Amino acid sequence: MTFSLLVAATLISGLIVGLIPTLMDGLRKPLQSRLSLAEGRVDWFVSLFYLVWLPAMPLAGWAIDSWRWSLDPRPSKEILFYSLVALILGITWLAHVRSYLALLLNAACLGLAYSGVTTATVYLMTQVFFPVYIGEYPMLSLASLNLGFVAVGLGALLGPFIVKAIEQWWGYRQGLLFVSMACIAPAALTILSDPTLFPKPAGSSAAWEVVFGHPHMGMLVGIILLYFALENCLEFWPEAYLKELGYLEGGRQMGMIFFWLSFIAMRGATAWWLYEHPAQGFGVMVVLACLAALVVGNLAGGYEVGSGSFGFFVAGAVYGPLLPGFLGMAFVLFPELPLSALGALLALSGLDTLLVRPLMQRFVKDRPARAVMRVPAILAILLAAPLLLLAFMRP
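Small disclaimer: the values here were computed from a predicted structure and weren't measured. Note that residues are indexed from 1 along each chain, following the sequence as it is written. Note on the predicted model: pLDDT of at least 70 is required for a residue's local features to be given, and 80 or more for side-chain atom pairs to be given and counted; whole-chain, interface and lining totals, by contrast, use all residues. Note that water and hydrogens are dropped before the side-chain values are worked out from all heavy atoms of the structure.

### Points about the pattern of salt bridges
Then, number 1: We count a salt bridge whenever a side-chain nitrogen from Lys or Arg sits within 4 Å of a carboxyl oxygen from Asp or Glu. Evaluation of the coordinates by the stated rule reveals 5 salt bridges.
Then, number 2: A salt bridge links R357 to D25, with the shortest nitrogen-to-oxygen separation between them at 3.0 Å. Taken together, the positions of R357 in helix 16 (residues 339-363) and D25 in helix 1 (residues 5-26) put the pair 332 residues apart, joining distant regions of the chain.
Then, number 3: Residue class for R357 comes out buried when judged on its relative accessible area of 8%.
Then, number 4: In this structure, D43 engages R28 in a salt bridge whose closest nitrogen and oxygen atoms are separated by 2.9 Å. Within this pair, whereas D43 is found in helix 3 (residues 42-66), its partner R28 is found in helix 2 (residues 28-35), the two being separated by 15 residues in sequence.
Then, number 5: Residue exposure (1.4 Å probe, protein chains only): buried if accessible area is under 20% of the type maximum, exposed if over 50%, otherwise partly exposed. The class for D43 is partly exposed, based on a relative accessible area of 32%.
Then, number 6: Several salt bridges share partner residues, and in doing so they unite D25, R28, D43, E235 and R357 into one network. Only DSSP runs of H or I reaching four residues or more are called helices, and only runs of E reaching two or more are called strands; each is numbered from the N terminus.

### Some words on the packing of aromatic side chains
Then, number 1: Stacked, tilted and edge-to-face pairs are distinguished by plane angle, under 30 degrees for stacked and over 60 for edge-to-face with tilted covering the rest, among Phe, Tyr and Trp rings (Trp via its six-membered ring) whose centres lie within 6.5 Å. One pass over the structure, following the stated rule, counts 19 aromatic pairs.
Then, number 2: Here W237 and F312 contribute two aromatic rings whose centre-to-centre distance is 6.1 Å and whose plane-to-plane angle is 90°, an arrangement assigned as edge-to-face. Of this pair, W237 sits in the loop between helix 10 (215-233) and helix 11 (238-245) while F312 sits in helix 14 (residues 309-319), placing them 75 residues apart in sequence.
Then, number 3: The class of F312 is buried, set by a relative accessible area of 0%.

### Quick word on the side chain of S83
Then, number 1: Mapped onto the elements, S83 comes out in helix 4 (residues 76-96).
Then, number 2: What makes S83 buried here is its relative accessible area of 10%.
Then, number 3: The contact criterion used throughout is that any non-hydrogen atoms of two residues lie within 4.5 Å. Each residue touching S83, except ones within four places of it in the same chain, is listed here: A113, G116 and V117.

### Remarks on the nonpolar core
Then, number 1: Among buried residues, the Ala, Val, Leu, Ile, Met, Phe, Trp, Tyr and Cys ones that are joined through side-chain atoms within 4.5 Å form a nonpolar core. One finds L23, L94, W237 and F326 to be the most contacted residues of the largest nonpolar core, which totals 135 residues.
Then, number 2: In terms of residue count, the dominant contributor to this core is helix 5 (residues 100-128) (14 residues).
Then, number 3: In contact with L23, other than residues within four places in its own chain, are I162, V163, I166, L176 and V179.

### Remarks on the state of the cysteines
Then, number 1: When two cysteine sulfur atoms are found within 2.5 Å, that pair is recorded as a disulfide. The tally for this structure, following the rule as stated, stands at 0 disulfides.
Then, number 2: Cysteine C183 is unpaired, with the sulfur of C109 as its nearest cysteine sulfur at 12 Å.
Then, number 3: Left unpaired, C290 is separated from the closest cysteine sulfur, that of C233, by 18 Å.

### Points about the environment of F313
Then, number 1: In this fold, F313 is placed in helix 14.
Then, number 2: As for F313 and L299, which are separated by 14 residues in sequence, their C-alpha atoms are 10 Å apart.
Then, number 3: Setting aside anything within four residues of it in sequence, one finds F313 in contact with G255, F258, F259 and S262.

Scope: geometric values only; no functional claims are made or implied.
Written out as structure tokens, the structure is:
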């Protein structure tokens, strides 16, 4: 990989992609206190932020696809830059918002800006890390996305610490202004990057009805939906599981940090392995998905502090590479994948969050962690079955 300003812009944008949703989720209490909102009303702000993804991410992909003929032959630069500028303005607005109506309008603005940043960044991840080889070896999409999603994972890991800093040290308004200023860095790197390094989209792409009417894409959509549901469950069982194992508060915090570090590190290791052995991409994803089902289903047997801990960290590791791998598979199966279809696949995250989170919030009440873990265990089994079939059916 040749390092450049564009690679740096893509990686830092990846940090932003991981950071913003955890930041929005973590700002519930500060917003409720600042605006004196009744309990539950601030949830509409977060839900609207996710809801906007459903049309906005496909729209961002469509803009990259469509602008190739008119405004710029390499429109991913403009889409990423202007989306980052809109995100900076949206976070700055959120720092000064004073009414509930303005808060909801701000959620829509942030959802639109974030959708553009995410779609453009993920597209760039598939193209800019290994530009010399990606055309010859499409399977490298799995390696490049795992590499890029290391930054996404680090951003998500930083989110709770930034929320804590906002609550305890910086204050609400000053903290959000710091975040908005940090977002200037990827915007500046994007605009300073050599325009010729940005990928020029292919002259034509497959029609939506061809892509989503294909049985392979149907299976992949189901797999990604199940994965996002599986990932949403991570909000509910890991810390409760450590508590059942007997970890004290400090130990649980360190355990969760190591869980997410194993999640992120495995993405980096998978990126390296699939760069060296790109033909093994589908097989690696099948093995990891089967391990996820096996490990999570087996974790309920760990009753001592040591007995279930190793499997707990293994669960984090096998989860990590799955999403970037599944997205990379879409580019392998459909080399002329329209970027609006990529946006639709990414938007499934918002759909799953809106559906799975409230269901899990009700399900976890008065249930031990091991009972809650049956849900991700079943989801992992359901995910592994069509993935195995897809691996055998692909050309």
